[in-house]
Amino acid sequence: MFFAFPVSVALANVGLLFTLIFWLLGCVWGSSLRDTRQALSNPVALPALALFAWVVVAALWSPADGGQIAGALQKYSKFLMLPLFIGLLQDPTTRRRCWQAFAVAMLITLVVTWLNVWFDFSWTRTHNQGFGEDHTVFKDYIAQGIMMSFFACLGAYQALQSRTWRGATIWWCVSALAAFSILFLSSGRTGYLAGFLSMFVFSLLVTVARSRTALVTTVTGVLVALVVAGGTSLALQKRMTQAWTEVASTTGEVTSVGSRMAMIGFTLDQARERPLLGHGTAAYPVLATAHFVDPDWCSVVCVHPHNQFAFFLVEQGLIGLALFAWLLLAVVRQGWGEEARRRALMLAFLTILLVANMTHSSFWLSTENHFFILMTALLMAAARRRSAPDVKAP
């Protein structure tokens, strides 16, 4: 699964199916049940189960049909499986292999992204050669930008953890190439924001415990890097200019920023009608279809609201939103108690999660759902034994 989800949803689902099959076999002949029971004490287990339970309960007053509700429950079911994943990841060797699998998948993506600047591949998502163009490989540019942002932070973490100058140099190069690919070889504005903020948070938390000079140097360096990237990245300049144009547009044309503004306004209006309980699981498409009568607009805005916080608010109400916040705060609390480098990695991941879910419905979309649930499990699986040092990432 950890190798597959950055590459293929179908392959990831096959991996998930086999994982569940062998987990069930392990309940009979192995330690699956024991490991899962232990995982229930993990800080994220209870909020994840409570959130999924409320999603199920909220289906009782939904205006959606059975098929729509079943589809929504299937998407959110990974919250239910989070304790299961954590139980399967109790073994440090298994965690190390999962880190390595994810790293290999992202290295393949990174290499092909760079090669795509000069060479065209028939099987990649984009076919744009040259700098300043989007070079998405397997997924859409939003998903690739989100995952590559975390991989850039992971590369920096590995460089700091390396015991040899050669290993550190290799990982610093990987981190730099990943960050460069986000800013110069992608058109995903979510990736730009997630990449910058996550790397800023990572750098800040790594250096804050050292000295005031190191902290000031880090903050200055990151700001300078942002200014340089903004002044030299044609892709970033093009997408930021487009965003400003879309905000100011009065033509009524369907645009990325304009549709998001319309969806936020609509979800807030609907949430005011049923603030506490929400309209019910899978209600958003039903409500949006009745409101947005223009087929061109509805094809974009009637599927999901491109904001997970607004999604939970309109469908599961303030209760659902509070349960989601509880889950995120559990990660923050655990991450804050870790040693400096691991704390930086966990909170950089949470930064990416927040950015992604403010611009996309990440826990409703397959690839981002896989990424955030499985990485949360992998990062939090080591929380059970704080007294013992965890095996470092890849």
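About the criteria used
- Residues numbered from 1 in each chain as written.
- Predicted model: local features only at pLDDT ≥ 70, side-chain atom pairs only at ≥ 80, totals over all residues.
- Heavy atoms only, no water.
- Helix = DSSP H or I, 4+ residues; strand = E, 2+ residues; numbered from the N terminus.
- Buried < 20%, exposed > 50% of the residue type's maximum accessible area, 1.4 Å probe, protein only.
- Contact = heavy atoms within 4.5 Å.
- Areas by Shrake-Rupley, 256 points an atom, 1.4 Å probe, with all protein chains shown as cover.
- Disulfide = S-S within 2.5 Å.
- Expected span 1.5 Å × (residues − 1).
- Phe/Tyr/Trp six-rings, centres within 6.5 Å; stacked < 30°, edge-to-face > 60°.
- 1 Å grid on protein atoms, 1.4 Å probe; cavity = no way out; pocket = protein on both sides within 12 Å on 5 of 7 lines; lining within 4 Å.
- Points joined across faces, edges and corners; volume = space filled by probe spheres on them.
- Nonpolar A, V, L, I, M, F, W, Y, C, P; charged D, E, K, R; others polar.
- Patch = residues over 30% accessible without salt bridge, like charges linked within 9 Å, V, L, I, M, F, W, Y side chains within 5 Å.
- Salt bridge = Lys/Arg side-chain N within 4 Å of Asp/Glu carboxyl O.
- pLDDT = per-residue confidence, 0-100.
- Core = buried A, V, L, I, M, F, W, Y, C linked by side-chain atoms within 4.5 Å.
- Axes fitted to C-alpha atoms, helices over the stretch in contact; angles between N-to-C directions.
- Parallel < 35°, antiparallel > 145°, perpendicular 65-115°, else oblique.
- Left-handed = near helix turned anticlockwise from the far one by under 90°.

Description of the overall build of the protein chain
Point 1. Within the protein chain, the regular secondary structure consists of 16 helices and zero strands.
Point 2. Split into buried and exposed, the 394 residues of the protein chain put 53% on the buried side.
Point 3. Long-range contacts, defined as pairs at least 24 residues apart, comprise 72% of the intrachain contacts of the protein chain with a sequence gap of at least 6.
Point 4. Split by element, the accessible area of the protein chain, about 17,400 Å² in all, is 68% carbon and sulfur.

Considering the state of the cysteines
Point 1. Applying the stated rule across the entire model yields one disulfide.
Point 2. The disulfide partner of Cys298 is Cys302, and the gap between their sulfur atoms is 2.1 Å. Looking down the S-S bond of the Cys298 and Cys302 bridge, the torsion is -115 degrees, so its handedness is left-handed. Considered together, Cys298 and Cys302 belong to a single accessibility category, that of buried residues.

What about helix H3 (residues 45-58)?
Point 1. Taking 1.5 Å of rise per residue, the 14 residues of H3 would be expected to cover 20 Å, and the 20 Å separating its terminal C-alpha atoms lies within 8% of that figure.
Point 2. Among the residues of H3, those classed as buried are Ala45, Pro47, Ala48, Leu51, Phe52, Trp54, Val55 and Ala58.
Point 3. Taken together, the buried residues of H3 touch helix H2 (32-39), helix H4 (66-88) and helix H14 (308-336).

A few points about the packing of aromatic side chains
Point 1. Per the stated rule, a full pass over the model turns up 31 aromatic pairs.
Point 2. Centre to centre, the rings of Trp114 and Phe131 are 6.3 Å apart; their planes meet at 75 degrees, and the pair counts as edge-to-face. Of this pair, Trp114 sits in helix H5 (residues 92-115) while Phe131 sits in the loop between H5 and helix H6 (141-161), placing them 17 residues apart in sequence.
Point 3. For Trp114, a relative accessible area of 17% puts it in the buried group.
Point 4. On the numbers, 5.8 Å between centres and 25 degrees between planes, the contact of Trp123 with Phe138 is stacked. With a gap of 15 residues between them, Trp123 in the loop between H5 and H6 and Phe138 in the loop between H5 and H6 connect regions that are remote in the sequence.

Focus on helix H7 (residues 165-184)
Point 1. End to end, H7 covers 28 Å across 20 residues, agreeing with the expected 28 Å (1.5 Å per residue, within 8%).
Point 2. For H7, the complete set of buried residues consists of Gly167, Ala168, Trp171, Val174, Ser175, Ala178, Ala179, Ser181, Ile182, Leu183 and Phe184.

What about empty space enclosed by the protein?
Point 1. Inspection of every chain in the model, using the stated rule, returns three cavities of 30 Å³ or more.
Point 2. Quantified by volume, the largest cavity comes out at close to 70 Å³.
Point 3. What lines the largest cavity is simply Leu82, Leu327, Leu328, Val331, Phe349, Leu350, Leu353, Phe363, Phe372, Ile373 and Thr376.
Point 4. When residues of the lining of the largest cavity are traced back to their parent elements, those giving at least two are H14, helix H15 (340-359) and helix H16 (366-380).
Point 5. Looking at the lining of the largest cavity residue by residue, the class counts come to ten nonpolar, one polar and no charged.

Here's the deal with a nonpolar patch on the surface
Point 1. Residues Phe3, Leu11, Val14, Leu17, Phe18, Ile21, Phe22, Leu25, Val28, Trp29, Val104 and Ile108 make up a contiguous nonpolar surface patch of roughly 1,200 Å² in combined accessible area.
Point 2. For Ile108, the location among the structural elements is in helix H5.

What to know about unusual backbone geometry
Point 1. The backbone phi angle of Ala282 is positive, close to 70 degrees, even though this residue is not glycine.
Point 2. Here Ala282 is to be found in the loop between helix H11 (256-273) and helix H12 (283-291).
Point 3. Take Ala282: its relative accessible area is 6%, and that puts it in the buried class.
Point 4. For His306, which is not glycine, the phi dihedral falls at a positive 55 degrees.
Point 5. Considering the arrangement of structural elements, one finds His306 in the loop between helix H13 (295-301) and H14.

Quick word on the environment of Leu379
Point 1. With respect to the helices and strands, Leu379 occurs in helix H16.
Point 2. Sequence separation between Leu379 and Met346 is 33 residues, and the spatial gap between their C-alpha atoms is 6.9 Å.
Point 3. Among all residues touching Leu379, those that are not within four sequence positions of it are Trp99, Arg342, Leu345, Met346 and Phe349.

Remarks on the environment of Leu88
Point 1. Secondary-structure assignment places Leu88 in helix H4.
Point 2. Separated by 65 residues in sequence, Leu88 and Trp23 place their C-alpha atoms 8.2 Å apart.
Point 3. Other than its neighbours up to four places away in sequence, Leu88 contacts Thr19, Trp23 and Thr94.

Description of the side chain of Thr367
Point 1. For Thr367, the location among the structural elements is in helix H16.
Point 2. Discounting chain neighbours no more than four positions away, the residues touching Thr367 are Phe5, Val9, Lys139, Ala143 and Met147.

With respect to the confidence of the model for the protein chain
Point 1. Per-residue confidence for the protein chain averages 88 on the pLDDT scale, and 89% of its residues sit at or above 70.
Point 2. Between the elements of the protein chain, mean pLDDT differs from a low of 61, seen in helix H10 (residues 234-248), to a high of 97, seen in H3.
Point 3. Throughout residues 386-391 the model reports pLDDT below 50, and contacts reaching past four residues in sequence, or to other chains, amount to nine contacts.

Re the nonpolar core
Point 1. In terms of nonpolar packing, the biggest core is built from 99 residues, with Phe151, Phe202, Phe371 and Met375 touching the most fellow members.
Point 2. A per-element tally of this core places H6 first, with 13 residues.
Point 3. Residue contacts for Phe151: discarding those within four places in its chain leaves Phe102, Ala103, Met106, Leu107, Leu110, Trp171, Val174 and Ala178.

Brief notes about the packing of H11 against H14
Point 1. Interaxial distance between H11 and H14 falls to 9 Å at its minimum, and their mutual angle equals 30 degrees. Of the possible angle classes, the one that applies to H11 and H14 is roughly parallel. At the point where H11 passes H14, the crossing takes the left-handed sense. Contact with H11, carried on its side by Ile264, Thr267, Leu268, Gln270 and Ala271, involves Ala310, Leu313 and Val314 of H14 and no other residues of that element.

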